[in-house]
Amino acid sequence: MTSVLEKAAPVCAFPFDNSYARLPQHFFARQEPSQAAEPWLIKLNEELAAELGLDVDLLRREGAAIFSGNLLPEGAEPLAMAYAGHQFGGFVPLLGDGRAILLGEVIDRNGKRRDIQLKGAGQTPFSRRGDGRAALGPVLREYIVSEAMYALGIPATRALAAVSTGQPVYREEVLPGAVLTRVAGSHIRVGTFQFFAARGDADGIKALADYVIERHYPELKAAENRYLALYQAICERQAALIARWLHVGFIHGVMNTDNMSVSGETIDFGPCAFMDTYDPATVFSSIDHHGRYAYANQPGIGQWNLARLGETLLPLIDVIQDTAVERANDVITDYGKRFQAHWLSGMRRKIGLVSEEDGDLDLIQSLLALMQEGKADFTLAFRRLSALGGDDAVETAFTASFREPEACGEWLARWRERLRRDLQSPSERAEAMRKVNPAFIPRNHRIEQAIVAATDDGDFTLFETLLTVLSKPYDDQPMFAAYMEPPKPQERVLQTFCGT
């Protein structure tokens, strides 16, 4: 029988340069992917493959074997990364990639280093009692949502390929198996730092911090206190990222410290969802029983997670512990101000403002309160408000989003008075608002319809249609107008699942 490595020798689809594999051995475990029974290529993201500098023609031919883990490309150094993490507030000192294998890294055509990882490719030393496999549904969900986030302009991991394995996985029921190929700036997490801190490994923390600076924040190498500067930079990226989640109604669902990337990308699209009716207490995740990661809690959870990161960096920030604690506390306190500034700036743009006034926060909060009371759809309300920014004649479309349309009158009057003091023409304003208020989001019921069709009938038509629609979320796309609409009562999806 020919081995995987022997088969892989002529396959040079990836120009690998694997820097993480050159770190000390206890940062990871060497692990080849498991074999898949009958792999079939569901989807290859050819545009992303080209951006990564990959051989697209070869991937069309060999993609099923490569992206299932059956064929190891030349230059790959597969490994499972070690990390720890707080899960729903409880610390777990050893987690790691239990069903993900990092094939290696490439330098894309923009000069950026990118990880290429197989998710669902079999057991690793960190799998604990898991099988290391992924079901088709969660793979399709992550593919759809991660690509939608990219199209929305929000930093996120991306989907390079989805492959069915031709073999079942066993959860509450028997499901078809699949593997997702995920691309990220890196897969280093807050939990990666916690892994070394939990072991008292000061050298490991320093090596990891130096690596993160070199890879993600090279401008900090000359900083007077590079580790304090690193902490500030990570907090800034997370503040900006979480603000952008809230701007589009995104709920991550499982914001554990092992699911927070230090690169500032959205990572791990498990029980994530986009809100339909606006309610800041919205929770979809089936495992978030107490609403820890509800929509409105995400900024505070981000701060909590970053405080845990700061704890790991204290020995690097200053040799005097009290001084290190004081400096780290200043950074984490500043995170709240940074988040508020990003959130308010984005919300001003959503309601059509480019200038700033002291009353803007109250105007925005009044609209959100009106939306919550009126059970308005978050995405549609803002999209229809975009039209009002340039044309009064469509006011009824906006007010129809609310349970009691007449309740909008007072707020609309305040808003129009504020617009008169702004600096844009109506046409400029409407155009700018359409660029930040999407018409299309990956609505939960549409994702579920695509998953059911693929899982039950092997029909990927809805999956492909969703990808097409969501690739242009800010365009009107009249032929896909139905995809703008919120779910009917019988279509509502009330829970999403982790997929493990």
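For the structure, see preceding data.
Quantities reported herein were computed from a predicted structural model and do not represent experimental measurements.

A. Fine view of helix α6 (residues 202-216). If you check α6, its first and last C-alpha atoms are 21 Å apart, about what 15 residues at 1.5 Å a residue would give, namely 21 Å. Taken residue by residue, α6 has Gly204, Ile205, Leu208, Ala209, Tyr211, Val212, Ile213, Arg215 and His216 as its buried positions. If you follow the buried residues of α6, they end up packed against β6 (100-107), β7 (113-119), β10 (174-184), α5 (190-198), α7 (226-247) and α8 (298-317).

B. Up close: empty space enclosed by the protein. Summed over the entire model, instances satisfying the criterion amount to two cavities of 30 Å³ or more. Reported here for the largest cavity is a volume of approximately 60 Å³. Taken together, Gln238, Leu241, Trp245, Met255, Asn259, Met260, Ser261, Glu265, Ile267 and Asn305 make up the full set of residues lining the largest cavity. Residue contributions to the lining of the largest cavity peak at three residues, all from α7. Here the residues of the lining of the largest cavity are counted per class, giving five nonpolar, four polar and one charged. If you add up the space inside the second largest cavity, you get close to 30 Å³.

C. Quick look at the packing of aromatic side chains. Counted according to the given criterion, the structure contains 21 aromatic pairs. Taken together through their ring pairs, the aromatic side chains of Tyr20, Phe27, Phe28, Phe195, Phe196 and Tyr211 make up a single cluster. A cation sits over an aromatic face here: Arg158 above Tyr150, 3.5 Å from the ring centre. Residue placement shows Arg308 over the ring face of Trp304; its charged tip is 4.5 Å from the ring centre.

Rules used throughout
- Residues numbered from 1 in each chain as written.
- Predicted model: local features only at pLDDT ≥ 70, side-chain atom pairs only at ≥ 80, totals over all residues.
- Heavy atoms only, no water.
- Helix = DSSP H or I, 4+ residues; strand = E, 2+ residues; numbered from the N terminus.
- Expected span 1.5 Å × (residues − 1).
- Buried < 20%, exposed > 50% of the residue type's maximum accessible area, 1.4 Å probe, protein only.
- Contact = heavy atoms within 4.5 Å.
- 1 Å grid on protein atoms, 1.4 Å probe; cavity = no way out; pocket = protein on both sides within 12 Å on 5 of 7 lines; lining within 4 Å.
- Points joined across faces, edges and corners; volume = space filled by probe spheres on them.
- Nonpolar A, V, L, I, M, F, W, Y, C, P; charged D, E, K, R; others polar.
- Phe/Tyr/Trp six-rings, centres within 6.5 Å; stacked < 30°, edge-to-face > 60°.
- Lys NZ or Arg CZ within 6 Å of the ring centre and 35° of its normal.

Remember that the coordinates give geometry; whether it matters functionally is a separate question.
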